[in-house]
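# An overview of the molecular structure
Residues per chain, in single letters:
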Amino acid sequence: MTPNTRVLPVAGRWQIIVMSVMAGVTIANIYYCQPILAIIATSLNISAHQTGMLPVWTQVGYGIGLFFIAPLGDMFDRKKLIILLQVLMLGTLFSATQSHSLSSLSLVCFGLGILGVSVQIVVPMAASLALPTEKGRVVGSVFTGTLTGILAARVVSGYIAEWFGWRWVFGFSMLLVFLVTLLFIMFLPNIKPTHSSPYLSLLHSTLQQGKRFNKLRRLSLLGALIFGAFCSFWTTLTLKLSASPFHFTSGTIGLFGLIAIVGALLAPWFGKISDRSDPCRIQVFSVLLMVLAALMLQFWHSAISAMIIATLLLDIGMQITQVNNLSQIYRLDEHAHSRINTFFMTSLFWGGAAGTGAGLAAWSCGGWTLVCWQLLLWTVMALWVTLRALKEIKS
């Protein structure tokens, strides 16, 4: 049997919807605490600086889970593995509702980060249940769920915490996780594992995927640069909008997340385009949108209309690029989806971490002007990667 021989069922419309909702509901747990750190600090009678470590613990947990758990999707039945992680997440969320100290809540955030990696098993599962000609559309749909979950989490958690208290945020999430897990059990098929070697061999094989595929290395670099720019922007946007000349409240700033959600809803359409068009040309176009956005943020940063348009362009450019990336990597080897996805997503994780750090450092050293110049640097480097790939294909 060749690596790309199809033996799996094809996902139907409702199965794709369930996987998309599952991805969004799950990934949201990693971001719920970010907008409510001040409320948590007041409730626990600790400083805001101390609660600032909670998102760090979540990201540390996610990074560990990404490398050590996500590849297991090739070793075990993905449906059973995802259900197990979701059940453990329900227990962790319940622990969050009972937390009354920083240490216990830190442990909860660490656990949510590790278990939230089930998203990176859902996405390869969706790709494996798609026809080769429809991978972009299907992956784009699930990617929509993931991005919507990330962006909506910041808005939803703030309002729930303000009205009912921060523990209700995790209680609300418990209900969502429970319901979507039931739907997942009802609608999704079992998938036989494709890797039978020992666990350490699986981890070694994950690292080897980069050596196997030059395209995976290139797309991972591109993805890291694009996500670095994305995280750099969103990390510093709050600082910009809360300062002169805008002086927006946190509620108003949260509405910018709705702008990004509009872009996220277009991801399935971008996926359809990637199934039918030259991926390199599409990526040149999408990265150019991000370069244009960086220039607008630099030269028209005092106009709110320009900030809105630039936010939309940056978000759409990132989504077109990443959906296109995912569509391509899932065509490399049907039997190594989880390992390939882990290699790619680990690159994105470190790119996002670097972008966040670079954005904050730029803000501290040179304000919004330096933020925009480093944002332009990220996007221009990404453009160089896409133009070089296009040149190699033509030659």
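Heads up: these notes are all about the structure in this document. Residue positions are counted from 1 within each chain, in the order its sequence is given. In view of the model being predicted, local features appear only for residues whose pLDDT reaches at least 70, and side-chain atom pairs are presented and counted only at 80 or more, with totals across whole chains, interfaces and linings using the full set of residues. Working from all heavy atoms in the structure, the side-chain values ignore hydrogens and water.

### Some remarks on the overall build of the protein
- Helix numbering and strand numbering both begin at the N terminus, where a helix is a DSSP run of H or I of at least 4 residues and a strand a DSSP run of E of at least 2. Along its length, the protein carries 16 helices and zero strands.
- For this measure, only C-alpha atoms enter the radius of gyration; the expected value for a globule follows 2.2 Å times N^0.38, where N is the number of residues. Against the 2.2 N^0.38 benchmark of 21 Å for 395 residues, the protein shows a C-alpha radius of gyration of 20 Å, consistent with a compact globule.
- Type-normalised accessible area, obtained with a 1.4 Å probe on protein chains alone, sets the label of each residue: buried when under 20%, exposed when over 50%, and partly exposed for intermediate values. Looking at the protein as a whole, 55% of its 395 residues are labelled buried.
- Using the Shrake-Rupley algorithm and a 1.4 Å probe, accessible areas are obtained, with residue cover drawn only from the displayed protein chains. Total accessible area on the protein stands at roughly 16500 Å², and carbon and sulfur atoms take up 71% of it.
- Counting rule applied: Lys, Arg positive; Asp, Glu negative; His and chain ends not counted. In this description, the location of a charge corresponds to atom NZ of lysine, CZ of arginine, CG of aspartate or CD of glutamate. Computed over 24 positive and 10 negative side-chain charges, the separation of the two mean positions in the protein equals 2 Å.

### Things to note about helix 15 (residues 304-329)
- One less than the number of residues in a helix, times 1.5 Å, gives the span that helix is expected to have. With 26 residues, helix 15 should reach 38 Å at 1.5 Å per residue; the first-to-last C-alpha distance of 37 Å fits that figure.
- With respect to burial, helix 15 is a largely interior element, 21 of its 26 residues being buried.

### With respect to the packing of helix 5 (residues 78-97) against helix 7 (residues 119-128)
- The N-to-C vectors of helix 5 and helix 7 enclose an angle of 155°; their axes lie 10 Å apart at closest approach. Relative to helix 7, helix 5 is oriented roughly antiparallel. Handedness of the crossing formed by helix 5 with helix 7: left-handed. Residues Arg78, Lys79, Leu81, Ile82 and Leu85 of helix 5 lie in contact with helix 7, whose contacting residues are Ile121, Val122, Pro124, Met125 and Ser128.
- Broken down by class, the residue content of the contact of helix 5 with helix 7 amounts to seven nonpolar, one polar and two charged. Interaxial angles span 0 to 180 degrees and are taken between N-to-C directions of axes, which are lines fitted to C-alpha atoms, for helices over the stretch in contact. If an angle is under 35 degrees, it is roughly parallel; if it is over 145, roughly antiparallel; if it lies from 65 to 115, roughly perpendicular; otherwise it is oblique. Here a crossing is called left-handed whenever its near helix is offset anticlockwise from the far helix by less than a right angle, and right-handed whenever the offset is clockwise. In what follows, residue pairs with any heavy atoms lying within 4.5 Å of each other are defined as contacts. By the convention adopted, Pro, Cys, Tyr, Trp, Phe, Met, Ile, Leu, Val and Ala count as nonpolar, Lys, Arg, Asp and Glu as charged, and the other residues, Gly among them, as polar.

### With respect to helix 5
- Taking 1.5 Å as the rise per residue, helix 5 with 20 residues should run 28 Å; its terminal C-alpha atoms sit 29 Å apart, in good agreement.
- In protein, a polar contact requires one atom able to donate a hydrogen and another able to accept it; more generally it is a pair of N or O atoms within 3.5 Å, and residues adjacent in sequence count only if both atoms are side-chain atoms. With a side-chain oxygen lying 2.9 Å from the backbone nitrogen of Lys79, the N-terminal cap of helix 5 falls on Asp77.

### Examining the packing of aromatic side chains
- Stacked, edge-to-face and tilted are the three classes for Phe, Tyr and Trp ring pairs, Trp counted by its six-membered ring, which pair at centre distances within 6.5 Å; planes under 30 degrees apart are stacked, over 60 edge-to-face, the rest tilted. The full count for this structure, using the stated rule, is 12 aromatic pairs.
- Pairing Phe233 with Trp234 gives two aromatic rings, centres 5.4 Å apart and planes at 75°, and the pair type is edge-to-face.
- According to the relative accessible area criterion, Phe233 is buried, its value standing at 1%.
- Here the aromatic rings of Phe246 and Phe248 are separated by 5.4 Å at their centres, their planes lie at 40°, and the arrangement is tilted.
- The exposure class assigned to Phe246 is buried, which follows from its relative accessible area of 12%.
- Through pairs of rings, three or more aromatic residues link up here, namely Phe227, Phe230, Phe233 and Trp234.

### Side note on the packing of helix 10 (residues 199-212) against helix 16 (residues 337-394)
- At their nearest, the axes of helix 10 and helix 16 sit 8 Å apart, and the two run at 65° to each other. Crossing geometry of helix 10 relative to helix 16 is assigned as right-handed. For the pair helix 10 and helix 16, contact is made by Leu202, Ser205, Thr206, Leu207, Gln209 and Gly210 and by Arg339, Ile340, Thr342 and Phe343, respectively.
- Classifying every residue of the contact of helix 10 with helix 16 by side-chain character gives four nonpolar, five polar and one charged.

### Topic: the nonpolar core
- By size, the foremost hydrophobic cluster in this structure holds 128 residues, and its most contacted members are Met19, Phe184 and Ile329.
- The element best represented in this core is helix 16, accounting for 17 residues.
- Apart from the residues within four sequence positions on either side, Phe184 is in contact with Val18, Met19, Met22, Lys79, Ile82, Ile83 and Met125. Take the buried Ala, Val, Leu, Ile, Met, Phe, Trp, Tyr and Cys residues and link them wherever side-chain atoms come within 4.5 Å; each set so joined is a nonpolar core.

### What about the side chain of Glu334?
- Relative to the helices and strands, Glu334 resides in the loop between helix 15 and helix 16.
- Within the structure, the side chain of Glu334 is placed 2.9 Å from the side chain of Lys135, a separation counted as a polar contact.

### Details of unusual backbone geometry
- A cis geometry characterises the amide bond from Ser244 onward to Pro245, with omega recorded as 5°.
- On the secondary structure map, Pro245 appears in the loop between helix 11 (214-242) and helix 12 (250-264).
- A positive phi angle, close to 60°, is found at Asn45, a residue other than glycine.
- Here Asn45 is to be found in the loop between helix 2 (37-44) and helix 3 (48-51).
- The phi angle at His247 is positive, at roughly 55°, despite the residue not being glycine.
- Locating His247 in the fold gives a position in the loop between helix 11 and helix 12.
- For His247, a relative accessible area of 53% puts it in the exposed group.

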